[in-house]
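Here is how the chains run, residue by residue.
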Amino acid sequence: MGITVRYVTKRFGDYTALDDISLSVPSGSLMALLGPSGSGKSTLLRVIAGLERPDSGDVLISGEDATELDPRKRGVGFVFQHYAAFKHMTVWDNVAFGLKIRRRPKAEIRKRVAELLELVQLDPFAQRYPSQLSGGQRQRMALARALAVEPRVLLLDEPFGALDARVRAELRTWLRRLHEEVQVTTVFVTHDQHEAMDVAGHVAVMNHGRIEQVGAPRELYEYPSSAFVMGFVGPASKVAGAWVRPHDLELSLEPSDGALAATIERIVHLGFEVRIELSIQDGEAALVQITCDDLSRLELKRGDSVWVLPRRSRAFAEA
Amino acid sequence: MRAPSALILGTVLTYLSIIVALPLAALVWRSGGRGAAGFWSSVSSPEALSALELTLVVSLVVALVNAVSGTIIAWVLVRDDFRGRSVVNALIDLPFALPTIVAGLTLLALYGPRSPVGINVAYTRAAIVLAILFVTLPFVVRTVQPVLLELDRELEQAAASLGATRWQTFTRVVFPNLLPGILSGVALAFARAVGEFGSVVLITGNLPFKTEVSSVYIFGQLESGNTSGAAAASVVLLGISFGVLLLIGAVRRWTTRHDA
Amino acid sequence: MTRKLALRTFALGYLAAILVGPLVLVFYRAFEHGFGEAWSAVTTPPALHAFELTLLITAIAVPANTIFGVLCALAVVRHPFRGKGLLNAVVDLPMALSPVVVGLSLFLLYGRTGWFGSWFLARGIQILFALPSMILATVFVSLPFVVREVVPVLREIGTDQEQAAATLGASRLQTFFRITLPALRWAIAYGVVLTTARSLGEYGAVSVVSGRVAGKTATATLFVEDRYQSFDIVGAYAASVVLALMAVSVLLAMNLLRRKEDAL
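Conventions we followed
- Residues numbered from 1 in each chain as written.
- Chains lettered and ligands numbered in written order.
- Predicted model: local features only at pLDDT ≥ 70, side-chain atom pairs only at ≥ 80, totals over all residues.
- Helix = DSSP H or I, 4+ residues; strand = E, 2+ residues; numbered from the N terminus.
- Buried ≥ 20, exposed ≤ 12 C-beta atoms within 10 Å, placed from the backbone.
- Contact = placed C-beta atoms within 7 Å.
- Nonpolar A, V, L, I, M, F, W, Y, C, P; charged D, E, K, R; others polar.
- Pairing = 2+ DSSP bridges.
- Axes fitted to C-alpha atoms, helices over the stretch in contact; angles between N-to-C directions.
- Domains from an automatic or database assignment.
- Core = buried A, V, L, I, M, F, W, Y, C linked by C-beta atoms within 7 Å.
- pLDDT = per-residue confidence, 0-100.
- Left-handed = near helix turned anticlockwise from the far one by under 90°.

K.L.:
Just to check I follow, could you spell out the overall build of chain A for this structure?
P.N.:
Along chain A, the regular secondary structure elements total nine helices and 18 strands. Viewed in the frame of its principal axes, chain A has a C-alpha envelope of about 75 × 45 × 30 Å. The burial tally for chain A puts 39% of its 319 residues in the buried class. Across chain A, contacts joining residues at least 24 apart in sequence account for 64% of those joining residues at least 6 apart.

K.L.:
What exactly am I supposed to notice about the overall build of chain C here?
P.N.:
Scanning chain C for helices and strands turns up 13 helices and zero strands. Mapped in sequence order, the helices and strands of chain C form the string α-α-α-α-α-α-α-α-α-α-α-α-α. Structurally, chain C occupies a C-alpha span of about 70 × 70 × 30 Å along its principal axes. Within chain C, buried positions represent 52% of all 264 residues. Nonlocal contacts in chain C, meaning residues at least 24 apart in sequence, comprise 75% of its contacts between residues at least 6 apart.

K.L.:
Hey, could you run me through the interface of chain B and chain C in this one?
P.N.:
Interface size, as often reported, equals the accessible area lost upon joining of the parts. Chain B puts 64 residues into the contact, and the matching count from chain C is 65 residues. Sorting elements by how many residues they give to the side of chain B that touches chain C places helix H1 (residues 3-31) of chain B first, with 17 residues. Considered class by class, the residues forming the side of chain B that touches chain C number 50 nonpolar, eleven polar and three charged.

K.L.:
Please clarify how the sheet that holds strand E16 (residues 285-291) of chain A should be interpreted in this entry.
P.N.:
Where strands meet in a sheet, backbone hydrogen bonds hold them as pairs that are either parallel or antiparallel. Residue and element names in this part refer to chain A. Taken in spatial order, the five strands make up an open sheet running E13-E17-E14-E15-E16, and their pairing is antiparallel. Two strands lie at the open edges of the sheet, namely strand E13 (249-252) and E16, each paired on one side alone. Recorded for the sheet is a direction-independent mean angle of 45° between the axes of neighbouring strands.

K.L.:
I would appreciate a short explanation of the domain arrangement of chain C in the present structure.
P.N.:
Residues and elements named next belong to chain C. Each domain of chain C was delimited in the assignment, giving domain 1 (1-31) and domain 2 (37-263). Here domain 1 and domain 2 have C-alpha centroids that lie 30 Å from each other. Listed as interface residues are six residues of domain 1 and, on the opposing side, seven residues of domain 2. Here the residues of the side of domain 1 that touches domain 2 are counted per class, giving five nonpolar, no polar and one charged.

K.L.:
Any chance you could explain the sheet that holds strand E2 (residues 15-25) of chain A here in plain terms?
P.N.:
Residues and elements named next belong to chain A. With respect to topology, four strands assemble into an open sheet ordered E2-E1-E4-E5, the strand pairing being antiparallel. On the outer flanks of this sheet lie E2 and strand E5 (64-65), each paired with one strand and no other. Two strands pair when backbone bridges link them, and strand E4 (residues 56-61) and E5 are joined in this way by two bridges, in the antiparallel orientation. Paired with leucine 60 across the strands is aspartate 65, a residue of E5.

K.L.:
I keep staring at the pairing of strand E1 (residues 3-12) of chain A and nothing clicks. Help me out?
P.N.:
Within a regular beta strand, the side chains point alternately toward one face of the sheet and then the other, so they alternate between its two faces. All names here are of chain A. Across five bridges, the pairing between E1 and E4 is antiparallel. Each residue of the ladder has a partner; that of arginine 6, found in E4, is aspartate 58. Across seven bridges, E1 lies against E2 in antiparallel orientation. Each residue of the ladder has a partner; that of isoleucine 3, found in E2, is valine 25.

K.L.:
What exactly am I supposed to notice about the environment of Glu181(A) here?
P.N.:
Among the secondary structure elements, Glu181(A) is positioned in helix H5 (residues 165-182). Sequence separation of Glu181(A) and Gln281(A) is 100 residues, and the distance between their C-alpha atoms is 53 Å.

K.L.:
Would you take a moment to explain the nonpolar core for this structure?
P.N.:
As a rule of thumb, nonpolar side chains are buried together in soluble globular proteins. Grouped together as the largest cluster of nonpolar side chains are 167 residues, with contacts concentrated most on Leu105(B), Ala131(B) and Leu104(C). With 15 residues, helix H3 (residues 45-78) of chain C is the single largest residue contributor to this core. Split by domain, this core shows at least three residues from each of two domains, domain 1 (1-31) and domain 2 (37-263) of chain C. Each residue touching Ala131(B), except ones within four places of it in the same chain, is listed here: Ala103(B), Gly104(B), Leu107(B), Ser199(B), Val200(B) and Ile203(B). In terms of nonpolar packing, the next biggest core, distinct from the first, is built from 91 residues, Val8(A), Tyr83(A), Leu122(A) and Leu178(A) among them.

K.L.:
How do you make sense of the confidence of the model for chain A when you look at a structure like this?
P.N.:
As a general rule, the predicted coordinates of low-pLDDT regions are not to be interpreted in detail. Put simply, chain A has an average pLDDT of 90, and 99% of its residues get 70 or more. Ranking the elements of chain A by mean pLDDT puts strand E18 (residues 313-314) of chain A last with 84 and strand E3 (residues 30-34) of chain A first with 96.

K.L.:
Hey, could you run me through the arrangement of the chains in this one?
P.N.:
Contacts between protein chains span two pairs of chains, and they are most numerous for chains B and C. Regarding chain A and chain B, which are not in contact, the minimum distance between any of their C-alpha atoms is 13 Å.

K.L.:
Any chance you could explain the confidence of the model for chain C here in plain terms?
P.N.:
Residue and element names in this part refer to chain C. Of the residues in chain C, 97% have a pLDDT of 70 or more, and the chain-wide mean is 88. Helix H6 (residues 117-122) is the least confidently modelled element of chain C, averaging 82 in pLDDT, while helix H7 (residues 131-141) averages 95, the highest of any element. The ipTM value of the predicted complex is 0.88, and its pTM value is 0.83.

K.L.:
Just to check I follow, could you spell out the interface of chain C and chain A for this structure?
P.N.:
On the chain A side, the residues contacting the 14 residues of chain C number 19 residues. When residues of the side of chain C that touches chain A are traced back to their parent elements, those giving at least two are helix H9 (160-167) and helix H10 (172-201) of chain C. Top element by residues in the side of chain C that touches chain A is H9(C). It accounts for six residues. Grouping the constituent residues of the side of chain C that touches chain A by class yields seven nonpolar, six polar and one charged.

K.L.:
Please explain the packing of helix H3 (residues 46-79) of chain B against helix H1 (residues 2-31) of chain C as it appears in this structure.
P.N.:
Between two packed helices, both the angle of their axes relative to each other and the distance between the axes serve to describe the pair. At their nearest, the axes of H3(B) and H1(C) sit 9 Å apart, and the two run at 115° to each other. Crossing of H3(B) against H1(C): the hand is left-handed. Contact residues: H3(B) offers Ser69(B), Ile72(B), Ile73(B), Trp75(B) and Val76(B), while H1(C) offers Leu7(C), Arg8(C), Phe10(C), Ala11(C), Tyr14(C) and Leu15(C). Residue classes in the contact of H3(B) with H1(C) are distributed as nine nonpolar, one polar and one charged.

K.L.:
Which parts of the structure should I look at to understand the packing of helix H12 (residues 227-255) of chain B against helix H4 (residues 84-96) of chain C?
P.N.:
Running from amino to carboxyl end, H12(B) crosses H4(C) at an angle of 115°, the nearest separation of the two axes being 10 Å. Along this stretch, H12(B) crosses H4(C), giving a crossing that reads as right-handed. Where H12(B) approaches H4(C), its residues Ser241(B), Val244(B) and Leu245(B) are matched on the opposing element by Ala89(C), Asp92(C), Leu93(C) and Ala96(C). Residue classes in the contact of H12(B) with H4(C) are distributed as five nonpolar, one polar and one charged.

K.L.:
Please clarify how unusual backbone geometry should be interpreted in this entry.
P.N.:
In terms of backbone geometry, most residues other than glycine have negative phi values and most peptide bonds are trans. Residues and elements named next belong to chain A. At glutamate 158, a residue that is not glycine, the phi angle is positive and equals roughly 45°. Along the chain, glutamate 158 turns up in the loop between strand E7 (153-157) and H5. A positive phi angle is found at glutamine 183, which is not glycine, with a value near 60°. Relative to the elements of secondary structure, glutamine 183 occurs in the loop between H5 and strand E8 (185-190). Look at glutamine 183 and you get exposed, because 12 C-beta atoms sit within 10 Å.

Given below as structure tokens:
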């Protein structure tokens, strides 16, 4: 069940947004589509919603073929980056919209809308207009509105992209908790790897209209299938032809077997962690991460010569 | 194209054809009723030429006067503040809302034979200019106002901080931004002036070769049964209107050339 | 400071000379011989018929152009097609075209020797010198206003709200009436007011196609001219006052709506 995308291709003129993509979203899971701009993640989401028609391939929702269906018949809830609030309606009317369209009895609508507004903590604002709400509140309203009609699938297109950092962090936690309570199959699009890793149970990394890798956040971080995934999902440096994470590069003042000579270019204090930018003997830049305790112990400063040894690195076939 | 779009487009095109395109097509067709030679002799008859010349000269004068006065009025309405400003602002639209024949009558009342201020310009070319200044009043004002409102004061402050005098700031910073608005307002005023009929028909006496503008000439030709002559002159006016619309479109594209 | 005062004086002086002075005088001349005479001048049967005719024509032209205006805006903004530039030019043309040319083109189309004229006349349907041609003329000249007001607003709204409505289960018709139209209401209202003003005040085109049969095909504006040509000065000015009052109401409506639009 859940969502199945099979061999979907979508082109806009000469530009291929989705290139023969297949993806399976397990029922009830919370999946992130992660990738840089132009990777096709929003297009894929919109194809699942029916807001775009693929040139070839199928989309199945809860086992049913939805490829030819209008968005209104797919049972998808969609949340837009810029809220798409119905500006001329109150918060209450916004949330009630889908139910009114389906001509549900008034009593049922009243009950459901009240429940949802409580769930998203907007009950005191029911009679306000969207223009009177903050960005975060508008997005919560949009979520309540999408959930009101009990969709089979919930799709969110960069839902926190238009919000400031603090609100974004709050809503991330909030979305995760909401999903635990409501348990509907959810897919959201983001270009922020922290957000994807923080919120989602599964992440699909996309690049140039293709899916590079799908898996749990930990899996992607520890066992990336390509240089792109490794570099996108976390910081990484190329050392002696292989890719290594900053915390997997051992730093010492003495040479050892297999270690490379390096010069410290810059020391950045990030609280408990310290990130050191090095240039390795052949001029390549690399990042090392150590604790501030280690920093004091080694008494490192800019310009020092040190030795680095990759403890764990990955080599990928060059694409 | 999906069904509803085709339906909407079909309805729109049908409506436009019936209301606008077909009548104008009939006009163009009938203007060629006596062949190209007939067309040419109609539009180059002394009376037609005199009317056209008068029309173009007056329209140009009106356009230029409006360029200056319209800009000043817009400036005063946006940058100045005085009691009754909102009333004055609302009044600017009056020439648009008032029927042209009534406009002609009101000007005749004040600047005609029984003028209480002693100014009588009836049956003169000045009267034509006056009448058309009345009806074209809103055009430049209303195209310049929004530009002025949106113009960031900080631009002028930046220029001042860099040492520019008020005049330099106006000519080098403010005016270039106002120019597109002024131009499209002027173009609209010109188009309106060329075709104006109702307000001039009473105050000017419509004396051929003296105070007869093209629209009145056409009307006269129609009344005396010379329909293809009237049609030929009309096609000339139609061409001018189209030309002005293209100009306004070009100004619009030029205005937005620096936009993201 | 003096520069500001000079500009203000120029502006207000210009407006007084060109705009306000003449208008005030019309009121004066209309009521110069007493309110009673003015009143009786505008309540004669021909006068009442003229005003009725104007209102009837307006009552037909405005809804027609409003519906057209919204549909045209939808076509232009939401469904791009080739030849859109030409369509825009044709829609804008009535604003730049002389009313006499408009009247003449209708005259040529529906006259005895016109393409459509013979067809209608053969069936005994009178187009020219009767109500139908006057309606067509008025619709022609007041065509662009609703379109021009709605297009920029429709463009700015974007499609997000409509897509959201679709995902929530609304059909295209439901989306149009519940989401799109309400978002456009002030733009449409403003366009309707402009269309109404233009229809009420139409003179040149209607003058050509109506034949000006007094009492039958004379609209209010034609009535004003007729009274003037018959040396009935009070009648002409009195009728003008009525039209001027209509114009002032239009002004007030425009002003109110402009404030509503800005407030949103």
